[in-house]
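The chain contents come next:
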Amino acid sequence: DVQLVESGGGSVQAGESLRLSCNASTSSFTGSGYCMGWFHQPEDIRAGVAAIGSDSTTTYADSVKGRFIISRDNAKNTLLLQMNDLKPEDTAIYYCAAVHPDRYVAWERGLSLADYWGQGTQVTVS
């Protein structure tokens, strides 16, 4: 099985930036064809933030469009989320996730499920 580990969270002031990273324990995983994404969970509800397909196409939640950029570095087996112009409402735990392309339809339907989840990293904006 694959382990996803997030890093890069922290506490910042509004308007500042952070870059979250998600490293996969299995080599070449990010280039394996799985769709990768970031979810956030301010409290009880986990929701999608951004996703990137195996073909590098990207989608974003309306709340982060123009501010966040998702990318994948297959050579480093890493998923990234560049978070710019952070706002207090961005405060949440952010989770890295991966889903088999056969089940990506779940993300298209707005369902917060995945084949693999990271443990989460806290982002606090004040």
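**Notes on the pairing of strand β11 (residues 121-125)**
Here β11 shows a buried face lined by Thr121, Val123 and Val125 and an unburied face lined by Gln122 and Thr124. In the sheet, strand β9 (residues 92-99) pairs with β11 via three bridges, with the strands oriented antiparallel. Note on β11: the bridge partner recorded for Ala92 is Val123.

**Considerations on the state of the cysteines**
Counted under the stated rule, the structure contains one disulfide. A sulfur-sulfur separation of 2.0 Å characterises the disulfide bridge that pairs Cys22 with Cys96. The chirality of the disulfide connecting Cys22 with Cys96 is left-handed, given an S-S dihedral of about -75°. Here Cys22, found in strand β3 (residues 18-24), pairs with Cys96, found in strand β9; they are 74 residues apart in sequence, far enough to count as distant. Assessed through its relative accessible area of 1%, Cys22 is described here as buried. As a non-bridged cysteine, Cys35 has Cys96 as the owner of its nearest cysteine sulfur, 13 Å distant.

**What about the environment of Asn77?**
Along the polypeptide, Asn77 turns up in the loop between β7 (68-73) and β8 (78-83). A relative accessible area of 8% places Asn77 in the buried class. Placed 26 residues apart in sequence, Asn77 and Arg103 show a C-alpha to C-alpha distance of 21 Å. Excluding its chain neighbours within four sequence positions, the residues that come into contact with Asn77 are Cys22, Asn23, Ala24, Thr26, Ser27, Ser28, Phe29 and Thr30. A distance of 2.9 Å separates a polar atom in the side chain of Asn77 from the backbone oxygen of Ala24.

Criteria and cut-off values
Residues numbered from 1 in each chain as written. Predicted model: local features only at pLDDT ≥ 70, side-chain atom pairs only at ≥ 80, totals over all residues. Heavy atoms only, no water. Buried < 20%, exposed > 50% of the residue type's maximum accessible area, 1.4 Å probe, protein only. Helix = DSSP H or I, 4+ residues; strand = E, 2+ residues; numbered from the N terminus. Pairing = 2+ DSSP bridges. Disulfide = S-S within 2.5 Å. Contact = heavy atoms within 4.5 Å. Polar contact = N/O pair within 3.5 Å; in protein donor to acceptor, adjacent residues only side chain to side chain.

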